[in-house]
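One letter stands for each residue in the lines below.
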Amino acid sequence: MPIDSFRPQSWNGIDDIVIVGGGLAGLFCALKLAPRPVTILAAAPIGQGASSAWAQGGIAAAMSPGDTFEKHVADTLEAGAGIVDEKMARFMVSEGPARIHDLLEYGVPFDRDLEGKLLLSREAAHSERRIVRVKGDMAGKAIMEALISAVRKTPSIRVLEGYVVEELVREGRFISGVVARPDAGQSKNRVHFPARAVVLCSGGVGHLYAVTTNPWEACGQGVGMAARAGAIIADPEFVQFHPTAINIGRDPAPLATEALRGDGAHLVNADGRRFMLDIHEDGELAPRDIVSRGVFAEVQAGRGAFLDCTKAVGAHFPDMFPTVYASCIAAGIDPITQPIPVVPAVHYHMGGVLTDAEGRTSIDGLWAAGEVTSTGVHGANRLASNSLLEAVVFAARIAENIKGMLPEPKINDWGKNAGESDDLVTIEDSPALKRLRRVMSDHVGVIRSRDGLATAIREIAALERENSRMRFHNIVTTAKLIATGAYLREESRGGHFRSDFTEQKADWKHRTFLTLADAEKVAADLSETAVA
Ligand SMILES: Cc1cc2nc3c(=O)[nH]c(=O)nc-3n(C[C@H](O)[C@H](O)[C@H](O)COP(=O)(O)OP(=O)(O)OC[C@H]3O[C@@H](n4cnc5c(N)ncnc54)[C@H](O)[C@@H]3O)c2cc1C
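Everything in this summary refers to the structure shown in the same document. (Residues numbered from 1 in each chain as written. Predicted model: local features only at pLDDT ≥ 70, side-chain atom pairs only at ≥ 80, totals over all residues. Heavy atoms only, no water.)

### Re the overall build of the protein chain
Let me state the cut-off plainly: Only DSSP runs of H or I with at least four residues qualify as helices, and only runs of E with at least two residues qualify as strands; both kinds are numbered from the N terminus onward. Only protein chains enter the accessibility calculation, which uses a 1.4 Å probe. A residue is then buried if its area is under 20% of the maximum for its type, exposed if over 50%, and partly exposed in between. When checking whether two residues touch, look at their non-hydrogen atoms; a contact exists if any pair is within 4.5 Å. Surface accessibility follows the Shrake-Rupley procedure with a 1.4 Å probe radius. Residue values consider only the protein chains on display as shielding. Under the convention used here, Asp and Glu are negative, Lys and Arg are positive, and both His and the chain ends fall outside the count. By convention, the point assigned to a charge is CZ for Arg, NZ for Lys, CD for Glu and CG for Asp.
The secondary structure content of the protein chain amounts to 14 helices and 20 strands. Expressed as lengths along the three principal axes of its C-alpha atoms, the size of the protein chain is roughly 70 × 65 × 45 Å. Burial status across the protein chain gives 61% buried among its 532 residues. Pairs at least 24 residues apart make up 72% of the contacts formed inside the protein chain by residues separated by at least 6 positions. When the accessible area of the protein chain is evaluated, it comes to approximately 19900 Å², of which 52% is carbon and sulfur surface. Averaged over its 57 positive side-chain charges, the protein chain has a centre that lies 2 Å from the centre of its 67 negative ones.

Rendered as structure tokens:
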């Protein structure tokens, strides 16, 4: 039956593509698959519970007159500290401008100059002005609003909101569907969605840590699910901390965008000293991991860290950075006249489910896009604003790949009841998750060591033994992979810093590839050492 003849008044029988997650990667992939019927299962209403809606800086794309793909690739390689997959970075960078044009067509109101040309701004570690923004710091919100509106107008896309996917169903070599729990994961009923293609777009891992800028839904369920189904996970140890989360005790922590430092704001301690000048020649615009460790050191030493925007931005703050301004005012800080207290917070996961250039994972029938993946474009450290770019470029590639591999939709018996289970977990309130977040922040955080990581791996194993619930197992599996990757990598590189191996090592100049079985072997060896 030709695809165009599908008119999904009734969805019965056409769920052969299921997308897990309704952030930028998931929505963009669904739009690119249209008119092919697709079901999006999203843990929260789309537009909520997704990092995409919170992005402040924008999207990097080499589009200004002085810029070239070569320069953008070079900056990406430099930030990634020697282990970026250059071929993948080239795909991402060279397809960036076309994807920006797609977003414009979907109605994203990117900032323009008086002549109507796209306004491009600069961010840390970019050698050119190449960040496409919306009203200063509103890029994520505006992009998501435009895509949600496009999705709602596309009859081939069905969105099921509040469906928390708990399991990828594997039959032999293939992923053959997913099992989800409706009502924001609170229903006793589990629903089975058979699918010939599952696209995992479930976002990041921030909520595995005590301090993060990510929404609650970003707690690593996708990586855990994929690893439990047998997928290879790449570079899990590389977690990026944002140096300037606003330190006002909120969870998640609001962000003071890097663009503020790009516009000249200074980092100072309580004595007013610009400490980054002692650490790196680029000062506040040094790579994120270096700025994070600088801020972490000041906070640990009790001197505090503050972002002083009073001179660089001053009275323009409310117009230029309305989101940051609102967060500060709500906490009783006026950033026009006062420095903003800041702390490093988990912001982005460079590691994730290993994918190739078409977004295919190591298991047939499973594709992945966005932050849940490790495509190799970020290496050990993501260049600012490359993640939204990665999400749209590879989501589009996946759509092309699926359309080529599965040209016709196939009738499926969709939405079967998968039985009741009391296996519920309210993630936000779980004492086990609170303990896990503490362990991850204390031992798998900005600065790591062999002993601390061994402690973390043992604690994670204990938490896993004590908690049998499916969703918690997905979460704890991701934590185990991150801690194991960090334990095995006996060097410091990019977002991974070991106090016992402070230098980069030539024999570690490669990516990490781990299966769950590999991580479990390390945990078993460590538990034997503890017993001995
Ligand atoms: C505060 C902040 C600012 C940022 N600023 C920028 C920036 O300026 N530029 C840039 O390039 N990047 C930025 N990033 C990073 C970027 O926003 C993310 O990497 C990107 O949006 C990830 O998109 P995604 O679609 O992969 O995931 P998300 O947008 O996080 O979407 C994930 C989706 O999966 C759903 N989900 C999760 N688990 C499940 C499950 N088990 N079942 C069903 N659904 C599930 C979620 O509810 C959500 O719908 C920022 C991140 C944050 C937190």
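### Describing the site of the ligand
Threshold: The cutoff for a nearby residue is simple: one of its non-hydrogen atoms must lie within 4 Å of the molecule or strand. Here a polar contact is recorded for every N or O atom pair within 3.5 Å, except that within protein the pair must consist of a potential hydrogen donor and a potential acceptor, and residues adjacent in sequence are included only if both atoms are side-chain atoms.
If you check the shell around the ligand, you find 40 residues, and the closest are Ser52, Gly57, Gly58, Glu371 and Ser387. Separating an oxygen atom of the ligand from a backbone N or O atom of Gly49 is a distance of 3.0 Å. The separation between an oxygen atom of the ligand and a polar side-chain atom of Ser52 is 2.4 Å. Here the element with the most residues in the shell around the ligand is helix α10 (residues 386-405); it accounts for 3 residues.

### Notes on the sheet that holds strand β4 (residues 120-121)
Going by this rule: Strand pairing is assigned whenever DSSP identifies at least 2 bridges connecting the two strands.
Taken together, the 3 strands give an open sheet; going across it, the order is β3-β5-β4, and neighbouring strands pair in antiparallel fashion. Strand pairing shows two members of the sheet lacking a second neighbour, β3 (59-60) and β4, which therefore form its edges. Across 2 bridges, β4 lies against strand β5 (residues 131-132) in antiparallel orientation. What sits directly across from Ser121, in β5, is Ile131.

### So, the pattern of salt bridges
Which entries qualify depends on this criterion: Throughout this description, the term salt bridge denotes a Lys or Arg side-chain nitrogen within 4 Å of a carboxyl oxygen of Asp or Glu.
Evaluation of the coordinates by the stated rule reveals 39 salt bridges. The salt bridge partner of Asp16 is Arg196, with a shortest N-O separation of 2.9 Å. In this pair, Asp16 is assigned in the segment before β1 (17-20) and Arg196 in the loop between β9 (189-194) and β10 (197-200), connecting sequence segments 180 residues apart. What makes Asp16 buried here is its relative accessible area of 0%. We note a salt bridge from Arg261 to Glu258, for which the minimum N-O separation is 3.2 Å.

### Examining the sheet that holds strand β15 (residues 340-349)
The strands making up a sheet are joined through hydrogen bonds of the backbone, oriented either antiparallel or parallel. Note the cut-off: Orientation is described by lines fitted to C-alpha atoms, with helices fitted over the stretch in contact, and by angles between N-to-C directions that extend from 0 to 180 degrees.
If you trace the 4 strands from one edge of the open sheet to the other, you get β12-β15-β14-β13, paired in antiparallel fashion. On the outer flanks of this sheet lie β12 (239-246) and β13 (266-268), each paired with one strand and no other. On average, each strand axis in the sheet is inclined to that of its neighbour by 45 degrees, with strand direction left out of account. Where β13 meets strand β14 (residues 306-308), 3 bridges bridge the pair, whose relative direction is antiparallel. Bridge assignment links His266 to a residue of β14, and that residue is Asp308.

### Examining the side chain of Asn401
Along the chain, the position of Asn401 falls in helix α10. Residues contacting Asn401, with those up to four places away along its chain left out, are Glu358, Arg360 and Trp367.

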